[in-house]
Amino acid sequence: MLLNETAEQIRSMEIRGAGRIARSAVAALRDHAAGLDTSDTASFLRSMKEAADLLVATRPTAVSLPNAVQAVMRSLEGVKGVEEGRAAIKAASDSFILSSRHAVEWIGEIGARHISDGDVILTHCNSEAALSCILTAHREGKAIEVFATEVRPRNQGLLTIQALNDAGIPTNFIVDSAVRSYINDVDLVITGADAITVNGAVVNKIGTAQIALTAHEARTPMLVAAETYKFAPRTILGERIAIEERETAEVLDPAIAAGLPHVRVRNPAFDVTPGRYVDLIVTEIGAIPPAMAYMIIRDHLGWGIGEFHKAFE
Ligand code: RUB
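In short, a report on the structure. The written sequence of each chain sets the order in which its residues are numbered from 1. Predicted model: local features are reported for residues with pLDDT of at least 70 only, side-chain atom pairs are reported and counted for 80 or more only, and whole-chain, interface and lining totals are derived from all residues. As a rule here, side-chain values cover all heavy atoms of the structure and leave hydrogens and water aside.

All right, on to helix H2 (residues 18-35) then. Helix and strand definitions here come from DSSP, where helices need a minimum of 4 consecutive H or I residues and strands a minimum of 2 consecutive E residues; each element is numbered from the N-terminal end. Between the first and last residue of a helix there are one fewer steps than residues, each counted as 1.5 Å, and that sum is the expected span. Its 18 residues give H2 an end-to-end C-alpha distance of 26 Å, which sits within 8% of 26 Å, the value for a rise of 1.5 Å per residue. Burial classification: accessible surface area is computed with a 1.4 Å probe over protein chains only, and a residue below 20% of its type maximum counts as buried, one above 50% as exposed, and the rest as partly exposed. In terms of residue burial, H2 counts as a mostly covered element, since 13 of its 18 residues are buried.

With that settled, the discussion passes to the environment of Met48. Counting through the fold element by element, Met48 comes out in helix H3 (residues 41-56). Given the relative accessible area of 0%, Met48 is considered buried. Taking the C-alpha atoms as reference points, Met48 and Ala33, separated by 15 residues in sequence, lie 6.9 Å from one another. Beyond its immediate chain neighbours, meaning those up to four positions away, Met48 contacts Leu29, His32, Ala33, Leu36, Met73, Leu76 and Ile89. What makes two residues a contact is simply this: any of their non-hydrogen atoms within 4.5 Å.

Let us look at the site of the ligand. Any residue with a heavy atom positioned within 4 Å of a molecule or strand is treated as near that molecule or strand. Around the ligand, the structure places 17 residues, and the nearest of them are Arg16, Ser127, Asn204, Lys205 and Lys230. Under the rule applied, a polar contact is a pair of N or O atoms within 3.5 Å (in protein, one hydrogen donor and one hydrogen acceptor; residues adjacent in sequence only if both atoms are side-chain atoms). Gly17 is positioned such that a nitrogen or oxygen atom in its backbone is 2.9 Å from an oxygen atom of the ligand. Between the ligand and the protein, one listed contact pairs an oxygen atom with a side-chain N or O atom of Arg59 at 2.8 Å. For each structure, a 1 Å grid was placed over the protein atoms alone; sets of points admitting a 1.4 Å probe that cannot get out are labelled cavities, open sets with protein on both sides within 12 Å along at least five of seven lines are labelled pockets, and lining residues have an atom within 4 Å of a point. Each molecule is checked against the cavity or pocket grid, and it sits inside if more than half of its atoms lie within 2 Å of the grid points. Among the cavities detected, the one that contains the ligand is the largest cavity. Elements represented by at least two residues in the shell around the ligand include exactly H2, helix H6 (128-139) and strand S6 (202-205). Residue-level mapping places the shell around the ligand at the junction of two domains, with at least three residues from each of domain 1 (3-104) and domain 2 (113-312). Where each domain starts and ends comes from a domain assignment, either automatic or drawn from a database.

To continue, consider the pairing of strand S3 (residues 171-174). The criterion for strand pairing is that DSSP finds at least two bridges linking the strands in question. Both strand S2 (residues 145-149) and S3 contribute to a ladder of 4 bridges, which runs parallel. The residue bridging Phe147 from the neighbouring strand is Asn172, located in S3. Crossover handedness is defined here as right-handed if the route from the first strand over the helix to the second strand goes clockwise, with the strands pointing away from the viewer. As a crossover connection, the stretch from S2 through helix H7 (residues 157-167) into S3 is right-handed.

Attention shifts here to the packing of H3 against helix H5 (residues 82-112). For helices, the fitted line uses only the C-alpha atoms of the stretch in contact; every axis is such a line through C-alpha atoms, and the angle between N-to-C directions lies from 0 to 180 degrees. Running from amino to carboxyl end, H3 crosses H5 at an angle of 30 degrees, the nearest separation of the two axes being 9 Å. Here H3 is positioned roughly parallel relative to H5, judged by the angle of their axes. Contacts between H3 and H5 involve Thr41, Phe44 and Met48 on the former and, on the latter, Val82, Gly85, Arg86 and Ile89. Tallied by class, residues from the contact of H3 with H5 come to 4 nonpolar, 2 polar and 1 charged. Throughout, the term roughly parallel applies to angles under 35 degrees, roughly antiparallel to angles over 145, roughly perpendicular to angles from 65 to 115, and oblique to all others. Note that Gly is not counted as nonpolar here; it falls among the polar residues with everything else outside the nonpolar set of Ala, Val, Leu, Ile, Met, Phe, Trp, Tyr, Cys and Pro and the charged set of Asp, Glu, Lys and Arg.

Structure (structure tokens):
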């Protein structure tokens, strides 16, 4: 697909969800590299850098996006010519897409171990990693039931109930504000993540933090399903994850808003759940307590403090 088209689809949320965004972005980089009409290495590299910057700027919160784009762009280090560059980007991009798909499968298998026969699970938004755990438990023959939230303002809950219904899983569809009313019927909350910080805080769809707090108060365990490429290395240095504020028209009809000059509509797309409200983060390499997030960043992703020092030398 064309680069600008993919960027626009990510921006408008036609392509959405942290994993899908990452895979689409690296596929767009690969196609862009393949289609660049130049034999000049410098202009090829410049155009690839511009493409990477364009994609990364589409949505600010999902760390999967810069992590994936950087992983693929790193393959250009030291390349000698355009053809070598195209081949390197293709290999890195295909390998990222494959490993991202595998990660979702492994997360499903690992996450399903934490789901028991008869469990009632609550999920929020539409996360393929969280759904992978739920669908795997169901495939394993566990009799589960799900509560799925609506997810205002973009209603991603509709995608979730479609998937659950297709799998034949008994599902309750509730408005976001009904979570407290049902939390005592729920055995386990499972959500996805757009980003995980070094101290184990989870950035996910707006409303997740409220649900986590509710679950914590009700002593209901909270699991977060996230691929390791959603961990944010730069948070080691205190960098904060930007929370995307989307158009207010998603929340309130502009015609109504125009008649309410004293009302400011706010539309943050994500919020931050402190690690202390999260029991386990299920990654493709195992389920970890949030306090171990730094070890994923350092030992698995290879970003220790020293790596950042090197970058500043
Ligand atoms: C999607 C969202 C999802 C995470 C994880 O937000 O918050 O929970 O991205 O999804 P949006 P996945 O709809 O605004 O992109 O597990 O599919 O990567």
